[in-house]
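# An overview of the molecular structure
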Amino acid sequence: MSNQSNTATFDAERVRADFPILHQDVNGHPLVYLDNAATTQKPRAVIQAIVDYYEQDNSNVHRGAHALADRATEKFEGARVKVAGFINAAEPRQIIWTRGTTEGINLVASSWGRANLSSGDRILVSAMEHHSNIVPWQLIAAEKGAVVESIPVNAEGAIDLAAFESMLDDRVKMVACGHVSNAFGTVNPVQDIARLAQGVGALTLIDGAQAVGHWPVDVQALDCDFYVFSAHKLFGPTGLGVLYGKTALLEAMPPYQSGGEMIESVSFDGTTFNQLPYKFEAGTPDIAGVIGLGAAIDYVQGLDRDGAAKHEAALLAYAEERAKATPGIRLVGTAANKTSVMSFLLEGAHPNDVGLLLDQQGVAVRTGNHCAQPIMEQFGIPGTVRASFSFYNTRADVDRLFEALDKARQFLV
Amino acid sequence: MSRFGTEITSDDIVDTLSFFDNWEDRYKYIIDLGKELPPLNDESRNETNLVRGCQSQVWLVSEARDGKLFFEADSDAFIVKGLLAVVLAAYNGKTPEQVTAFDVEGYFSALNLLKHLSVTRGNGLRAMVKRIQDTAAAN
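Quantities reported herein were computed from a predicted structural model and do not represent experimental measurements. (Residues numbered from 1 in each chain as written. Chains lettered and ligands numbered in written order. Predicted model: local features only at pLDDT ≥ 70, side-chain atom pairs only at ≥ 80, totals over all residues. Heavy atoms only, no water.)

## Here's the deal with the overall build of chain B
Here is the rule: Numbering goes from the N terminus for both helices and strands, where a helix is a DSSP run of H or I of at least four residues and a strand is a run of E of at least two. Buried, partly exposed and exposed residues are distinguished by accessible area as a fraction of the type maximum, computed with a 1.4 Å probe on protein chains only: under 20%, between the cut-offs, and over 50%, respectively. Should any heavy atoms of two residues lie within 4.5 Å, those residues are counted as being in contact. Per-residue and other accessible areas were derived by the Shrake-Rupley procedure at a 1.4 Å probe size, with only the shown protein chains allowed to occlude residues.
When its secondary structure is counted, chain B shows seven helices and three strands. Helices and strands appear in chain B in the N-to-C order α-α-β-β-β-α-α-α-α-α. Taking all 139 residues of chain B together, the buried fraction comes to 48%. Sequence separation of at least 24 residues holds for 62% of the intrachain contacts in chain B that already meet a minimum separation of 6. Carbon and sulfur atoms provide 48% of the accessible area of chain B, an area that totals close to 6700 Å².

Here is the structure:
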């Protein structure tokens, strides 16, 4: 195949050895894990970092007057510095720990939205957003009398940038958009979107959940106001996410949740709040998760990232080439610029049936509407089968997918 | 009306499935059961009868007649439709008391193959069982 030369530089087989979970049988077949857009697997280094924390350093951060607390705090804050470097944030206090992408969006919608939105204001989200980047905006919009409108997406699954530009006016206060579509893998022109939004004084929030695991992200180059992502899609633990925000905005925003850690002083006459980032981090944080994410970032940065991205692109190209050569497969989401996600339908078969039959053959994919009902409705489909690749997948995995699809077709079509 | 619950009972299905020793035969059998279930007409595939799942949709129509409950069900997915037939084999044509008394958890666990299918929240199966039980409670 023409793309083989690209993969030669990146040794996926060697990398696979770092991921214990990949080496097992499922339903009597060696596991082929192609559900990386739902969550990525964890390298041994991440699992070990979490075990080490609990076995050696477990302690509450920031306040203990003892050695364990010092060690835990050092690793915890060290991870914040790593994340800041990883996305090129100007300073670590712009990195707020959340429970995940969803909570990051809820935090901004609730805190910034409540303080800044008013009746008649407009919030624009793309038509193919994940529900988590639609519903928080609808809730705050309903509360403040604002409206949420969708930015058109074309038949290829790409944002119509001209249509977006024509929607902009000075009532638009927020533009919330995925960096990469979870349903199709489309890479959105978020740098252009942020620039155009700035032109009318609107802020931008970029949902980077599907981007950070694939290639380096630079929040200063994007010049977005907020950027959110989840640790678990970046080879780290579940239950932890990151909110990046521009410092002046974060400083001006009121607290989101309240309790310990986020206060400066408390009295019944009035309470003052802690500085960034702690103002937004009420309660004991997910210390083990944060340390796990730090290890995940070390792991990712230790890889040949350029080689990994090329390897993923080659896998997608190979999979799409095989799909096009297979009668009855219809690719959904065919934008020019994509991450390694192949969303498709087997003509005549429901995606859910296909998924169940692939699972019986040890091939893990996601099926359904991918929490993006509006775009599925626009396309007039019940959902898709989604195979999403990471750098530890191989051409052999793609071959297994198509073998399993052949068998599924015998059952269903 | 379908044969499920009358000619084809829940015990028949447990027995038949226990004969198969590979997944392919089990799934073929489930898909064939679904094909035996008469499709609902477009009129019945309405919002009221819809049982929502995030991966596939299920429609359920119920009717009380002569002290018994009769159900018709359909889905846009073949395997789910087969599972609906499996569920109707337990509930269709039974009295509300029989419906309420039926040990559906025991049934699902006896149908070993269906264990993971029946717990998947996406396929609407649990929601349908709940709706059948609610119908029985209201009659």
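## Concerning the domain arrangement of chain A
All names here are of chain A. Worth spelling out the cut-off: Segmentation into domains, and thus their bounds, comes from an automatic or database assignment. The term buried area means the drop in 1.4 Å probe accessible area that two parts suffer when joined, counted for both and summed. Salt bridges are defined as contacts in which a side-chain nitrogen from Lys or Arg sits within 4 Å of a carboxyl oxygen from Asp or Glu.
When cut into domains, chain A gives domain 1 (12–43 + 304–408) and domain 2 (48–301). Between the C-alpha centres of domain 1 and domain 2 there is a distance of 27 Å. In this assembly, 38 residues from domain 1 lie in contact with 33 residues from domain 2. Both faces combined, the contact of domain 1 with domain 2 buries some 2800 Å², and carbon together with sulfur accounts for 57% of it. Contact with domain 2 buries area across many residues of domain 1, yet Arg305, Thr339 and Cys371 alone supply 24% of it, more than any other trio. Taken together, the connections running from domain 1 to domain 2 amount to zero salt bridges.

## Side note on helix α4 (residues 67–86) of chain A
All names here are of chain A. Under the convention used in this document: The length a helix should cover is 1.5 Å for every residue beyond the first.
Compared with an ideal rise of 1.5 Å per residue, which puts 20 residues at 28 Å, α4 spans 28 Å between its outermost C-alpha atoms and is within 8% of the ideal. Those residues of α4 not exposed but buried are Ala69, Ala72, Thr73, Phe76, Glu77, Ala79, Arg80, Val83, Ala84 and Phe86. At its buried positions, α4 is contacted by α3 (44–57), β4 (95–98), β9 (226–230), β10 (241–245), α11 (287–301) and α12 (305–324). Asparagine 88 lies just past α4 and shows a positive phi near 60 degrees.

## Digging into the pattern of salt bridges
Residue and element names in this part refer to chain A. For the coordinates displayed, the defined rule picks out 30 salt bridges over all chains. Measuring nitrogen to oxygen at the nearest pair gives 2.7 Å for the salt bridge that ties aspartate 57 to arginine 71. In this pair, aspartate 57 is assigned in helix α3 and arginine 71 in helix α4, connecting sequence segments 14 residues apart. According to the relative accessible area criterion, aspartate 57 is buried, its value standing at 2%. Glutamate 77 is the salt-bridge partner of arginine 80, the closest N and O atoms lying 2.8 Å from each other. With arginine 80 and glutamate 77 both in helix α4, this residue pair falls three residues apart, about one helical turn. With a relative accessible area of 1%, arginine 80 lands in the buried category.

## Considerations on the interface of chain A and chain B
As a reminder of what qualifies: By the criterion applied in these results, polar contacts are pairs of N or O atoms within 3.5 Å in which, for protein atoms, one can donate a hydrogen and the other can accept it, and in which residues neighboring in sequence qualify only through two side-chain atoms.
Each side of the interface is counted separately: chain A has 17 residues, and chain B has 16 residues. Together, the buried faces of chain A and chain B total about 1500 Å²; carbon and sulfur atoms form 59% of this surface. Counting the contacts that link chain A with chain B gives one salt bridge. Among the salt bridges present, the one from Lys407(A) reaches Glu24(B), with a minimum N-O distance of 3.0 Å. One can count five residue pairs in polar contact (both at pLDDT 80 or more) joining chain A with chain B. Counting residues per element, the ones that place at least two in the side of chain A that touches chain B are α13 (351–360), β16 (366–368) and α15 (395–412) of chain A. No other element matches α13(A), which puts six residues into the side of chain A that touches chain B.

## Examining the confidence of the model for chain A
Rule in force here: For every residue, the predictor reports its confidence as pLDDT, a number between 0 and 100.
On average, residues of chain A carry a pLDDT of 95, and 98% of them reach 70 or more. In the predicted structure, residues 1–7 of chain A sits below a pLDDT of 50 and forms 13 contacts with residues beyond four places in sequence or in another chain.

## Section: unusual backbone geometry
Here the amide bond leading from Leu276(A) into Pro277(A) is cis, since omega sits at 0 degrees, within 30 degrees of zero. If you trace the backbone, Pro277(A) turns up in the loop between β12 (270–273) and α11. Positive phi, close to 60 degrees, is recorded for Asn88(A), a residue that is not glycine. Relative to the helices and strands, Asn88(A) is located in the loop between α4 and β4. Of note in the backbone geometry, Asp66(B) takes a positive phi value of approximately 50 degrees without being a glycine. Positionally, Asp66(B) belongs in the loop between β2 (58–65) and β3 (68–75).

## Topic: the packing of aromatic side chains
Operational definition: Within 6.5 Å between ring centres, the rings of Phe, Tyr and Trp (the latter by its six-membered ring) count as paired, and their orientation is classed by plane angle as stacked under 30 degrees, edge-to-face over 60, tilted in between. As a reminder, the over-ring test applies to NZ of lysine and CZ of arginine, requiring each to be within 6 Å of the ring centre and within 35 degrees of the ring normal.
Inspection of every chain in the model, using the stated rule, returns 18 aromatic pairs over all chains. Seen in terms of ring centroids, Phe19(A) and Tyr392(A) are 4.6 Å apart; in terms of plane orientation they differ by 55 degrees. Their pairing is tilted. Taken together, the residues span a long stretch of sequence, with Phe19(A) in the loop between α2 (12–16) and β1 (25–26) and Tyr392(A) in the loop between β17 (384–388) and α15 at a distance of 373 residues. The burial state of Phe19(A) is the same as that of Tyr392(A); both residues are buried. Plain terms: the ring middles of Tyr107(B) and Phe108(B) are 6.3 Å apart, the flat faces sit at 15 degrees to each other, and that makes the pair stacked. Like Tyr107(B), the residue Phe108(B) is buried in the burial classification. A network of ring pairs unites the aromatic residues Phe10(A), Phe19(A), Phe235(A), Tyr299(A), Phe391(A) and Tyr392(A) as a single cluster. The aromatic ring of Phe411(A) is capped on one face by Lys28(B), whose charged end is 5.1 Å from the ring centroid. Above the face of the Phe70(B) ring, Arg65(B) is positioned so that its terminal group lies 4.2 Å from the ring centre.

## Description of the nonpolar core
Selection rule: Buried Ala, Val, Leu, Ile, Met, Phe, Trp, Tyr and Cys residues form a nonpolar core when they are joined through side-chain atoms within 4.5 Å.
Counting 78 residues, the largest nonpolar core has Trp97(A), Val175(A), Tyr227(A) and Phe391(A) as its most contacted members. Ranked by residue count, the leading element in this core is α11(A), at 10 residues. Both of domain 1 (12–43 + 304–408) and domain 2 (48–301) of chain A provide at least three residues apiece to this core. What Val175(A) contacts, discounting residues up to four positions off in sequence, is Leu124(A), Ile151(A), Phe164(A), Leu168(A), Ile193(A), Ala197(A), Ala202(A), Leu203(A), Thr204(A) and Leu205(A). Within the second largest apolar cluster, 69 residues are counted, among which are Val32(A), Val398(A), Leu17(B) and Phe71(B).

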